[in-house]
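Observations on the model geometry
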Amino acid sequence: MSVARLLKPVVTGLGLLGLALTSAQAVEIQKVTSPGGIEAWLVEDHTVPLVAMNFAFKGGATQDPEGKQGLTRLLAATLDEGAGDLTSEEFQARLEEQSISLSFDTGKDYFYGTLRTLTATRDEAFDLTALALTQPRFDAAPVDRMKTQFLTGIRRSKQDPQDIASELLYKSLLGEHPYTWQTEGTEESMAALTADDLRAQFKRVIGRDTLMIGVVGDIDAETLASALDKTFGALPATSQLDAVASLEFTPGETVTGLLDVPQTQIFFALPGITREDPDYQAAYVMNHILGGGSFTSWLYEEVREKRGLTYGIGTSLAPYDAGGMLVGSVATRADRAGETVEVIREQLRRMAEEGPSEEELVSAKKYLTGSYALRFDTSAKIAAQLVALQNSKLGIDYFDRRNGEIEAVTLDDVKRVAKRLLGASAPTFAAVGPEASVEAVRKAASGG
Amino acid sequence: MQPASSRTRFLPGPRRTRYGLLAALVCSTLLVPAPLMAAGAAPTANPAAAAEVEADVFAPNLSHFTLTNGMEVVVIPDHRAPVVTHMVWYKVGSADEPEGQSGVAHFLEHLMFKGTTAHPDGEFSKTVAELGGEENAFTTTDYTAYFQRVAKEHLPLMMAFEADRMENLILTDEVVKPERDVVLEERRMRVDSEPSSRLREALTSILFVNHPYGSPVIGWQSEIEALNEDSAIAFYDRFYTPNNAVLVIAGDVEADEVKALAEETYGKVARRAEPGARVRPAEPPLAGERRISMADPRVTQETVSYSYLVPSDATGTDGEPEALELLAYILGGGPTSRLHKAGVLEQRIATAAGAYYQSGSLDMGQFGFYAAPTPGHDLDEMEKLIRAELARVLKDGVSEEEVAKATKSMIAEAVFAQDSQQALARIFGSALTTGKTVEDVQTWPQRMKKVTPEQVQAVARKYLSGDPVVGLLTRPKPEDTAAATAPEKQG
């Protein structure tokens, strides 16, 4: 694909014609398959002497066994804390001496790894990654240390208006689905986790069958091919994942929590749309106009610019594997929380019933197509995009197709998807703040 | 790794950072010191030229020139993607505000998006959005900067708009009043809602008792409430002028084309003012210990911090800033730092412990320590931990090996930073608005490599031997909590 191509459809229309696009270098994605059959997407670029590799396994926090919530998150935190003959301290010292950065993290659906290395230490970087992925130690000291840090974080989140509100929101909207679990688990579940639990979860989640790899930087296809076998060749062929139930929604409730803070945190959510849905791009454009993207959205204009009710408000699509949601967030002055909710409801109604103008649609499409290239201006960002694209199974040509798909969205598409997403049910509201403010939110959310 | 500081939320995080308030942001937690200042202190290589870690001069293909009206220009070519970062930096921040008008620098930054005579009603932002660009702005104690990231062909238009709002801003009550409410909400969100931020604000005000760094960048609430169109425009007319600004452009451009464009746009803006030398009230040496302790029921992790005033990159001489950088790294920078090893790994009494050096200010810098206890341990032990490691450096110094390792790591970090044209633009923009030169940044690796273990010990002895200003973030004692949650019980 060519990033340069992405920029061409943009027309300034403002009287000042830009420079010709002459010196832009194309960024090509190569599909590299190792002798051992491991596939990676590569963007080769020798400008800076570094290599960025991102990879993902399917199976994030949704794979925590019942009662062991937080296990996958703890696994991510301890996988780089000692492997093979190297203790935690030795492993970290080796990374630091070689200026290699290796880390793991987990989301709801995926388990992520990130590697950054200078060209000079590339081989050692792949070796250390392989060691962490095949012979992690899970020694007692680092496991306890990480558990202590997570427990501190869990206790802190009990005092955090955003964390409290998000938990209320999802329990109300999604019932008992694993997506409602905090990835750190609860104090009880985290405290009870053991090294044996980690070993068992490691076996279940880490497998070549769900592995997706994106590499960017100072490495050619041939070198990468052999590095892939060296790094990932010894992993188990298959993971052992539990199926995750599809989301079932019960929208429309208002849930509240009390906290003595100067602002009221409000979240709102509705059933959304998954990545495979044919209306996904239309929904993406609609969300941009409603509350996404740039500083021009309806909610930004109405809640912040006209009324000064908040520093920030926005909405986004959350297309998880088991179902999608549309989620909005705002922190507002407590004494005007009710008014904030009234304005939000009015904008949701307006989008569902009236939809945007043709002019707003054109502007949104210009932004969304024009800004796509900004996702590709650092190695780290490109590597993350390569993995995300593979996870969502959109194909290696998606980068070339994507702006065309946005351009093809019509006003009817946007209105149809707005009605479908925003018109079918009332949103769930969650509010955390002083008592009078959350009561005002309750009243405003129920139309009173 | 530090899982507690990188919690992923199920929800998308706060979405907007528009008009980001960098200084407040970086000071908002005791445990995560100053990312921007750290970046500013670690200049980095230019992608096209720095072929290896050992490069002695960063960004050798950078161009630097001055327009006839006094505006400085820096161009950093990076041809990897057809994208440019366009930034205008003004040499003015909260420390340049008139007495009693704290927050006006940041308030003006917000108002700069409202419109000009030729482009009213937020037309600039609407245009950036239509072109698929990103934009934002930020204010610190020493500078205010505006930027857009766009496809390279839109650069001329961005320059035309930005030059226009350097002299033609128009403000009305209709836009000023709601924006003041927005800023008050920003203050509630960033400061009032976070116990650690409230402590940091109070601590800074006793760390600097005479110098304006003691006032928060966002402003004191009562003074924000009193700001208006007139105070914003007076500040604008005094400081927003080409001879007080630096243009930084990084990305898929060449110096010649930028020069021509800059002359056509910024070059036509007349000098509007002569802001003069940036002389702020000095901070006097003070006798006695200063400690501030704040208890809040929402605190779940108690922390202690030690702060010292030290030279900055701009005010320091004879390699002292470089020696302080190495000292901070060895004591508390990396995963194998002395404080982390002692407190977190060996004694296992701390969940986090470290040190940092904020070197990027125009006037004095700060050297700080922080530590947070594991359950069952307390802040007294954290203070002992910090004091013990500090005493060890004062007495025995640091080894040749530690200095070599730290230098190598810090220079490697700089090579990683060059992956981002934005990072490069920020490094040069912040340097040039805080009393440094392009050459200072470019020769940073050479200076780092010259630092000896003796110099590291010497700066520790010279600047960290006295009393620190101590900040303690605590939970209320159990009896206070009982009183607070059960007010009906009469004592």
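All values reported here derive from a predicted model rather than from experimental measurement.

This part takes up the overall build of chain A. Along its length, chain A carries 17 helices and 11 strands. Dimensions of chain A along its principal axes, counting C-alpha atoms only, are 65 × 60 × 35 Å. Looking at chain A as a whole, 61% of its 448 residues are labelled buried. Contacts in chain A between residues at least 24 apart in sequence constitute 82% of all its contacts with a sequence separation of at least 6. Of the roughly 16,200 Å² of accessible surface on chain A, a fraction of 50% belongs to carbon and sulfur atoms. For chain A, the centre of its 44 positive side-chain charges and the centre of its 63 negative side-chain charges are spaced 4 Å apart.

The subject of this paragraph is the sheet that holds strand 2 (residues 72–77) of chain B. Residues and elements named next belong to chain B. Strand order in the open sheet formed by 6 strands is 1-2-6-3-5-4, and the pairing between neighbours is mixed. The open sheet has two free edges, formed respectively by strand 1 (63–66) and strand 4 (134–139), since each of these has just one partner strand. Along the sheet, successive strands turn relative to each other by an average axial angle of 15 degrees, direction set aside. Alignment of strand 1 against strand 2, held across 4 bridges, turns out to be antiparallel. Its bridge partner being in strand 2, phenylalanine 65 is matched across the sheet by valine 73.

Our next topic: the domain arrangement of chain A. All names here are of chain A. Under the domain assignment, chain A is made up of domain 1 (30–232) and domain 2 (254–385 + 393–445). Taking the mean C-alpha position of each, domain 1 and domain 2 sit 30 Å from one another. Each partner contributes to the interface: domain 1 provides 29 residues, whereas domain 2 provides 26 residues. Approximately 2,300 Å² of surface area, both sides summed, lies buried where domain 1 meets domain 2, with 76% of it carried by carbon and sulfur atoms. Three residues, Trp41, Leu169 and Leu173, lead the burial of domain 1 against domain 2; their summed loss comes to 23% of the area buried on that side.

Let's shift gears to the nonpolar core. The biggest cluster of nonpolar side chains holds 53 residues, and the ones touching the most others in it are Tyr240, Leu247 and Tyr266 of chain B. Once residues within four sequence positions are removed from consideration, tyrosine 240 of chain B is found in contact with Tyr90, Val92, Leu108, Met112, Thr144, Tyr146, Met166, Phe235 and Arg272 of chain B. If you look at the next biggest cluster of nonpolar residues, it comprises 50 residues, including Leu102, Phe126, Val205 and Phe232 of chain A.

This part covers the UniProt feature "domain: Peptidase M16 N-terminal" (unreviewed entry) in chain B. Following the UniProt record, the feature "domain: Peptidase M16 N-terminal" (unreviewed entry) maps to residues 73–218 of chain B here. Span residues 73–218 of chain B is 40% helix and 18% strand, its end C-alpha atoms 28 Å apart.

A word on the domain arrangement of chain B. You'll often see interface size given as the accessible area lost when the parts meet. For chain B, the domain assignment lists domain 1 (17–268) and domain 2 (290–420 + 435–480). Each of domain 1 of chain B and domain 2 of chain B was reduced to a C-alpha centroid, and the two centroids are 28 Å apart.

All names here are of chain B. Taking burial as the measure, the 6 residues of strand 2 include 6 buried ones, the bulk of the element. On strand 2, burial covers both faces: Glu72, Val74 and Ile76 on one face and Val73, Val75 and Pro77 on the other are all buried. Taking the residues between adjacent antiparallel strands as the criterion, strand 1 and strand 2 are bridged by 5 residues, where glycine 70 takes a positive phi near 100 degrees. Two elements, strand 2 and strand 6 (residues 245–251), share 6 bridges in a ladder whose sense is parallel. Its bridge partner being in strand 6, valine 74 is matched across the sheet by valine 248.

Bringing the pattern of salt bridges into the picture now. For the structure on display, the rule yields 57 salt bridges over all chains. In the salt-bridge network here, residues are joined through shared partners; they are Asp277, Asp279, Asp413, Arg416 and Arg420 of chain A.

Ring pairs (aromatic) are described by centroid distance and by the angle formed between their planes. Inspection of the entire model under this criterion finds 28 aromatic pairs over all chains. On the basis of an interplanar angle of 25 degrees and a centroid distance of 6.1 Å, the ring pair of tyrosine 280 of chain A and tyrosine 284 of chain A is categorised as stacked. Taken together, the residues span about one helical turn, with tyrosine 280 of chain A and tyrosine 284 of chain A both in helix 10 (residues 280–291) at a distance of 4 residues. Classification of tyrosine 284 of chain A by relative accessible area gives partly exposed; the value is 24%. Pairing phenylalanine 113 of chain B with tyrosine 146 of chain B gives two aromatic rings, centres 6.3 Å apart and planes at 45 degrees, and the pair type is tilted. With phenylalanine 113 of chain B in the loop between helix 3 (104–111) and helix 4 (123–130) and tyrosine 146 of chain B in strand 5 (residues 144–151), this pair connects stretches of sequence that are 33 residues apart. Tyrosine 146 of chain B carries the same exposure label as phenylalanine 113 of chain B, and that label is buried.

Attention now goes to the packing of helix 4 (residues 122–134) of chain A against helix 9 (residues 221–232) of chain A. Residues and elements named next belong to chain A. Packing of helix 4 against helix 9 leaves a shortest axis separation of 8 Å and a crossing angle of 30 degrees. Relative to helix 9, the element helix 4 lies roughly parallel. Within the contact between the two elements, helix 4 uses Arg122, Asp123, Phe126, Asp127, Thr129, Ala130 and Leu133 and helix 9 uses Thr223, Ala227, Lys230, Thr231 and Phe232. Per-class residue counts for the contact of helix 4 with helix 9 are 5 nonpolar, 3 polar and 4 charged.

Our next topic: the side chain of glutamate 302 of chain A. All names here are of chain A. Among the secondary structure elements, glutamate 302 is positioned in helix 11 (residues 298–305). In this structure glutamate 302 comes out as buried when scored by relative accessible area, which is 12%. The residues touching glutamate 302, leaving out its near neighbours within four places in the chain, are Arg307, Val343 and Gln347.

Attention shifts here to the confidence of the model for chain B. Residue and element names in this part refer to chain B. Residues with a pLDDT of 70 or more make up 86% of chain B, whose mean pLDDT is 87. Considering only residues more than four positions removed or in separate chains, one finds that residues 1–54, a stretch of pLDDT under 50, has 185 contacts. Counting contacts from residues 482–491, a segment whose pLDDT is below 50, to residues more than four positions away or on other chains yields 0 contacts. Interface confidence for the predicted complex, expressed as ipTM, amounts to 0.86; the pTM equals 0.88.

A contiguous patch of negative charge on the surface is contributed by Asp85, Glu89 and Glu90 of chain A together with Glu346 of chain B. Among the secondary structure elements, glutamate 346 of chain B is positioned in helix 12 (residues 338–346).

The subject of this paragraph is the side chain of threonine 117 of chain A. Note that threonine 117 of chain A resides in strand 5 (residues 110–118). A distance of 2.8 Å separates the side chain of threonine 117 of chain A from the side chain of threonine 121 of chain A, its partner in a polar contact.

Okay, the sheet that holds strand 3 (residues 50–58) of chain A next. The 6 strands lie next to each other as 1-2-6-3-5-4 (chain A), forming an open sheet whose pairing is mixed. Looking at strand neighbours, the two that pair on one side only are strand 1 (30–33) and strand 4 (101–106) of chain A, the edges of this open sheet. Averaged over all adjacent pairs, the angle separating strand axes in this sheet is 20 degrees, with direction ignored. By the bridge criterion, 9 bridges tie strand 3 of chain A to strand 5 of chain A in an arrangement that is antiparallel. Bridge pairing in strand 5 of chain A places valine 51 of chain A opposite threonine 117 of chain A. Here helix 2 (residues 71–78) of chain A sits on the sheet and contacts strand 4 and strand 5 of chain A; the angle it forms with strand 4 of chain A, its principal contact strand, is near 180 degrees. Contacts between helix 14 (residues 400–417) of chain B and the sheet are confined to strand 3 and strand 5 of chain A, with strand 5 of chain A contributing the most and set at about 115 degrees to the helix.

For the rest of this paragraph, the subject is the pairing of strand 5 of chain A. All names here are of chain A. Judged by how many residues are buried, strand 5 sits mostly within the fold: 7 of 9 residues are covered. Summarising the sheet, strand 4 and strand 5 pair through 6 bridges and their orientation is antiparallel. Within strand 5, the residue paired with phenylalanine 104 across the bridge is glycine 113. Joining the antiparallel neighbours strand 4 and strand 5 is a turn of 3 residues.

A word on unusual backbone geometry. All names here are of chain A. Residues other than glycine seldom take positive phi values, yet serine 99 does so here, at roughly 55 degrees. You can see serine 99 is positioned in the loop between helix 3 (88–97) and strand 4. Classification of serine 99 as buried rests on a relative accessible area of 11%. In this structure, lysine 393 is a non-glycine residue whose phi angle is positive, near 55 degrees. Along the chain, lysine 393 falls in the loop between helix 14 (379–391) and helix 15 (398–407).

Parameters at a glance
- Residues numbered from 1 in each chain as written.
- Chains lettered and ligands numbered in written order.
- Predicted model: local features only at pLDDT ≥ 70, side-chain atom pairs only at ≥ 80, totals over all residues.
- Heavy atoms only, no water.
- Helix = DSSP H or I, 4+ residues; strand = E, 2+ residues; numbered from the N terminus.
- Buried < 20%, exposed > 50% of the residue type's maximum accessible area, 1.4 Å probe, protein only.
- Contact = heavy atoms within 4.5 Å.
- Areas by Shrake-Rupley, 256 points an atom, 1.4 Å probe, with all protein chains shown as cover.
- Lys, Arg positive; Asp, Glu negative; His and termini not counted.
- Charge placed at Lys NZ, Arg CZ, Asp CG, Glu CD.
- Pairing = 2+ DSSP bridges.
- Axes fitted to C-alpha atoms, helices over the stretch in contact; angles between N-to-C directions.
- Domains from an automatic or database assignment.
- Buried area = accessible area lost by both parts, 1.4 Å probe.
- Core = buried A, V, L, I, M, F, W, Y, C linked by side-chain atoms within 4.5 Å.
- UniProt positions renumbered as here; feature names shortened; annotations may be inferred.
- Salt bridge = Lys/Arg side-chain N within 4 Å of Asp/Glu carboxyl O.
- Phe/Tyr/Trp six-rings, centres within 6.5 Å; stacked < 30°, edge-to-face > 60°.
- Parallel < 35°, antiparallel > 145°, perpendicular 65-115°, else oblique.
- Nonpolar A, V, L, I, M, F, W, Y, C, P; charged D, E, K, R; others polar.
- pLDDT = per-residue confidence, 0-100.
- Patch = residues over 30% accessible without salt bridge, like charges linked within 9 Å, V, L, I, M, F, W, Y side chains within 5 Å.
- Polar contact = N/O pair within 3.5 Å; in protein donor to acceptor, adjacent residues only side chain to side chain.

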